[in-house]
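Structural description and commentary
Here's the letter readout for the chains.
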Amino acid sequence: MLLDVRDVSVRFGGIVALDGLTFSINQGDICGLIGPNGAGKTTMFNVVSRIYDPFKGNISFDGQNLLDVPAHRIAELGIARTFQNLALFPTMTLVENVMVGAHCQGSVGFLRAMTRIGARKENHLIAEKSRDLLRELGLDKLAHHPASGLPFGTLKRLEIARALAASPRFLLLDEPAAGLTHSEVDELADTIVSLREKFNLTILLVEHHMAMVMRISDQVVAMEFGRKIAEGTPKQVQNDENVIRAYLGGDV
Amino acid sequence: MLKIKEGSVVHWAVRVACVLAIAIFIVYIPTHSETARIGQFASAFTLIIAAMSLNLVLGYTGQISIGHSAFFGIGGYTAAILIRDHGWSPGYTFYAAAIIAFIVGCLIAMPVLRIRGAYLALVTLAVAVLFPTLLRWKKLEWLTSGAKGIDSVKYDKLPVWPFLGELKGRDGRAVFAYWLGLLVLVIAFLICRGLIKSRVGRSLIAIRDNETAAAVMGVNVTRTKVLIFGISASLCALAGVLSTLSTGVVTPDGQYVTLLGSIIFLLIMVVGGAGTLSGPIIGGLVYVWLDNTTRGIGTDSRGVVGFIFGWTNQSPATLILGLALIVIMLFAPTGLVGLFRKLSRRIVTIEPQGQ
Ligand SMILES: Nc1ncnc2c1ncn2[C@@H]1O[C@H](COP(=O)(O)OP(=O)(O)OP(=O)(O)O)[C@@H](O)[C@H]1O
Ligand SMILES: [Mg+2]
C-alpha cells in the first residue's frame, strides 16, 4: 500500500467537500478517481499536496504520516501532480517550467547561487533532463516557447512533463484529458500507461472520460458529495448501482 | 532576418564586441570628462544598485516593497557612523552595512511574508515613512546626530589604488567615487545574475508566477521570500554606503533616504525593465540623464516649458519619469529593455542551444 487515506474530512465554511473518505492505492497501480462535478476529487488532490488541511482523518504515504509534512516537502517524498485548471509559470518557457519541476532534485541554494559554485553544472544537468522529458511528451519543438498562449491540451501535457521532472513515485493527474479530441484521448491513455512502465509510477487519475478511466485503471474509486460510493475493479464500479444513480443513469 | 546560434562563434564575437565597447566607455568617462559628469555617473551607479536590489524582490519575486529607501539609509548611516565615531576604514563599512541591512530586512519580512497579499506593501510603506522620523528622534541623537545629519564623513587621504595613481581634492573624490561605485555595481550585478540564473532564480520567478504551484514543486516559499528580501536589503544598503562615501553627507531628508527614494528606485526599475538583469542599468542611466538635463528647467526656461515647470526650482525628473512610466506601461510593459528586445528581434534572433 503506497497511499492510505483514512476517514479524511475537509470543510470550507458550511460546505463539506470531503466527508470521511477512505481508500488506498497499491504500489504500481493506476487508480481512477471518478465522480460528478463537485464530488471532491480536486479537494482530495489538494489535501495530498498539503494545500488544504483536513479537519479529521489521516493520510499515510509509504508508511509516513503526510499530515506531518509541510507542502514544500511533499515533492521530495516522491509525490507530484498536475492541476485541473493549469498552474504553470506563464512567464517562463516550457523547458524552464519543467526545470522548476526538478526543484527538489537540485541542491544549489542562495550561497552557492551567488558564488556560482556548481550552479552551472546543475543547470546543465537539469536542462538536459527537462528536454528529455519534453521529448517524452512530444513537446521538444516548443522547448523555448513561453508557456502561455498554447492550446490547453499542450499545456496539460507540459504539466505532466513538469510533474515527472521531480522523479516521483506517485503521480496525481487531475483531468489530463480535458479539452482533447477522441483520438487524442486514446493517445494520452497510451502515454500514461507507458509512463507508468518507464518511470515505475503509481498513478491516481481523475478523469471524466469514463472510457479512458475504465480502460487503463487497475482500480477505480467513485465519489459523490465527498463520500466514497463505490470501489473495485473498473467492471465492478461500472455496474455498481450507486454509481449509475450518481451519474443519473448515464452510460457509465 | 539574421539568425545566430547560441554559443556559436558569431554569438561569442558579438558578446566580446559588446563587452569591449562597454569597457572602452567605462574607461573613457573618468579620464576624459569634467568632474560633474564623472559625479553623475557615480550617482547613477548608486541608483542602479538600489534599483537592482529592488528588482530581486519586486521584479523577480513579485513582492512589492516601498521600504527600500530605509535600507539605503541604513547603509548610508552605518558607513557614516562607523567612519566618524569609530574610525573605521571606509572599505569595511560595506560589510557591516550589508550584514545589518540583511538582518533588519529579514526581521521585517519574516512576520509579513507569511501572509499573502498586499501586507508587505503596507508594512514597507510604514517603514519608509517612519525611518526618517527615527533618525530625527531625540533619544537617538547621540548616534544619528538628529535632523542635521552627519556631514563630516571625509577622509584626509583617499585610498591609493594601483592603477589610478594619487587622487586629490574634489576631482579626485569624483574619480574615486566613480571607480568604487563601478566595482560595487559589478559585484552586485554578478550576485544578482548568479541568483537569477540558478535554481534559486527559477524558484523566485515561480513564486511570482504561481505561488501554489511553486510550493507543490518543492519551493519553500516563505523561506525563499524572506531570504531574498534580506539579500535585497543588503544590496540596497551597499548603495547607501556608496552614496555616503561619495558625497560625504547623510541627512534624514536626503532624497534617497525618504519615501521619495523608494519611488525613484521603483521608477528606475520599472522604466528600465522589471524582472530583467539589464533593466535597472538602463533605467538608472536614463534617470540620471533626465535629472541633469531637466535641472533648472523651471527657473531658466521661458515660454511654454517655463510655464509648465515654473512651479519647481528642482529637477522634475521624477515627475517626468512617472509620466513616462504610464506611457511605457501602455506600450512596453516590460520597460525599455523589453522594447529594445522586441525591436531587435526583428533584425536578429538568438537560437537557444539544444534545439
Ligand atoms: N477553496 C475552496 N473554497 C470553498 N469551497 C471549495 C474550495 N475548493 C473546493 N470547494 C468546494 O468543495 C466541493 C468539492 O470541489 P472539488 O473541486 O474538489 O470537486 P471536483 O470533484 O474536483 O469537481 P470537478 O469534477 O468539477 O473538478 C465543491 O462544492 C466546491 O465548491
Ligand atoms: Mg476537480
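A quick note: this is a predicted structure, and the numbers were derived from the prediction, not measured.

**A short note on the environment of B:Thr293**
Residue and element names in this part refer to chain B. Relative to the elements of secondary structure, Thr293 occurs in helix α12 (residues 279–293). Between the alpha carbons of Thr293 and Pro316 there is a distance of 9.9 Å; along the sequence they are 23 residues apart. Looking at Thr293, its side chain comes within polar contact range of the main-chain oxygen of Leu290, at 3.2 Å.

**Some details on the coordination of the magnesium ion (ligand 2)**
Coordination angles at a metal have ideal targets, namely 109.5 degrees for four tetrahedral donors and 90 or 180 degrees for six octahedral donors. All names here are of chain A. Taken together, Thr42 (OG1) and Gln84 (OE1) make up the full set of protein donors to the magnesium ion (ligand 2), lying 1.9 to 2.0 Å away. Of this pair, Thr42 sits in helix α1 (residues 41–48) while Gln84 sits in the loop between β6 (79–81) and α3 (94–101), and the two are 42 residues apart along the sequence. The class of Gln84 is partly exposed, set by a relative accessible area of 25%.

**A closer look at the domain arrangement of chain A**
All names here are of chain A. Looking at the assigned domains, one finds that chain A contains domain 1 (1–78 + 168–252) and domain 2 (90–162). For domain 1 versus domain 2, the distance between C-alpha centres works out to 26 Å. Facing 13 residues of domain 1, the contacting portion of domain 2 comprises eight residues. Carbon and sulfur atoms supply 74% of the area buried between domain 1 and domain 2, which totals about 810 Å² over both sides. Run the count over domain 1 and domain 2 and you get one salt bridge. One salt bridge connects Lys198 with Glu136, and the closest N-O pair in it is separated by 2.8 Å. Those elements that place two or more of their residues in the side of domain 1 that touches domain 2 are α2 (74–77), β7 (170–174) and α7 (182–199). The element best represented in the side of domain 1 that touches domain 2 is α7, accounting for five residues. Looking at the side of domain 1 that touches domain 2 residue by residue, the classes come out as eight nonpolar, one polar and four charged.

**A few points about the layout of surface pockets**
Residues and elements named next belong to chain B. Its boundaries defined by the atoms lining it, the second largest pocket holds a volume of some 780 Å³. Surrounding the second largest pocket, 32 residues form its lining, Gly39, Ser43, Ser246, Thr247 and Tyr256 being those nearest its centre. The set of elements that each furnish at least two residues to the lining of the second largest pocket consists of α2 (35–60), α3 (68–86), α7 (169–196), α10 (221–247) and α12. Tallying contributions element by element places α2 first for the lining of the second largest pocket, with eight residues. Of the residues belonging to the lining of the second largest pocket, the class tally is twelve nonpolar, 16 polar and four charged.

**Brief notes about the site of ligand 1**
All names here are of chain A. Inspection of the region around ligand 1 gives 13 residues, with Asn37, Lys41, Thr42, Thr43 and Gln84 positioned closest. In the environment of ligand 1, an oxygen atom lies 2.8 Å from a nitrogen or oxygen atom belonging to the side chain of Asn37. One nitrogen or oxygen atom from the side chain of Thr42 is found 2.7 Å from an oxygen atom belonging to ligand 1. Isolated, ligand 1 exposes 630 Å² of accessible area, and the fraction of that covered by the protein chains is 67%.

**Let's talk about empty space enclosed by the protein**
Scanning the model with the defined rule gives four cavities of 30 Å³ or more in all. Its volume calculated, the largest cavity comes out at about 60 Å³. Taken together, the elements giving at least two residues each to the lining of the largest cavity come down to α2, α7 and α10 of chain B. Here the lining of the largest cavity takes four residues from α7(B), the largest share from any one element. One number sums up the size of the second largest cavity: a volume of about 40 Å³. In this structure, the second largest cavity is lined by A:Ala75, A:Ile79, A:Ala80, A:Arg81, A:Gly101, A:Arg162, A:Ala163, A:Ala166, B:Val216 and B:Met217. Where the lining of the second largest cavity is concerned, the elements lending two or more residues are β6 and α6 (152–164) of chain A.

**A few points about the sheet that holds β7(A)**
Residues and elements named next belong to chain A. With mixed pairing, the six strands of this open sheet are ordered in space as β6-β7-β8-β3-β9-β10. Looking at the sheet topology across the chains shown, the edges are occupied by β6 and β10 (227–232). Going across the sheet, the axis of each strand differs from the next one's by a mean of 20 degrees, ignoring polarity. Where β6 and β7 come together, three bridges link them in parallel fashion. Within the sheet, the bridge partner assigned to Ile79 lies in β7 and is Phe170. Along the sheet, α1 makes contact with β3 (30–34), β6, β7, β8 (202–206) and β9 (219–224), crossing β7 at roughly 145 degrees.

Conventions we followed
- Residues numbered from 1 in each chain as written.
- Chains lettered and ligands numbered in written order.
- Predicted model: local features only at pLDDT ≥ 70, side-chain atom pairs only at ≥ 80, totals over all residues.
- Heavy atoms only, no water.
- Helix = DSSP H or I, 4+ residues; strand = E, 2+ residues; numbered from the N terminus.
- Polar contact = N/O pair within 3.5 Å; in protein donor to acceptor, adjacent residues only side chain to side chain.
- Donors = N, O, S within 2.8 Å, 3.2 Å for Na, K, Ca; no water.
- Buried < 20%, exposed > 50% of the residue type's maximum accessible area, 1.4 Å probe, protein only.
- Domains from an automatic or database assignment.
- Contact = heavy atoms within 4.5 Å.
- Buried area = accessible area lost by both parts, 1.4 Å probe.
- Salt bridge = Lys/Arg side-chain N within 4 Å of Asp/Glu carboxyl O.
- Nonpolar A, V, L, I, M, F, W, Y, C, P; charged D, E, K, R; others polar.
- 1 Å grid on protein atoms, 1.4 Å probe; cavity = no way out; pocket = protein on both sides within 12 Å on 5 of 7 lines; lining within 4 Å.
- Points joined across faces, edges and corners; volume = space filled by probe spheres on them.
- Near = heavy atom within 4 Å.
- Areas by Shrake-Rupley, 256 points an atom, 1.4 Å probe, with all protein chains shown as cover.
- Pairing = 2+ DSSP bridges.
- Axes fitted to C-alpha atoms, helices over the stretch in contact; angles between N-to-C directions.

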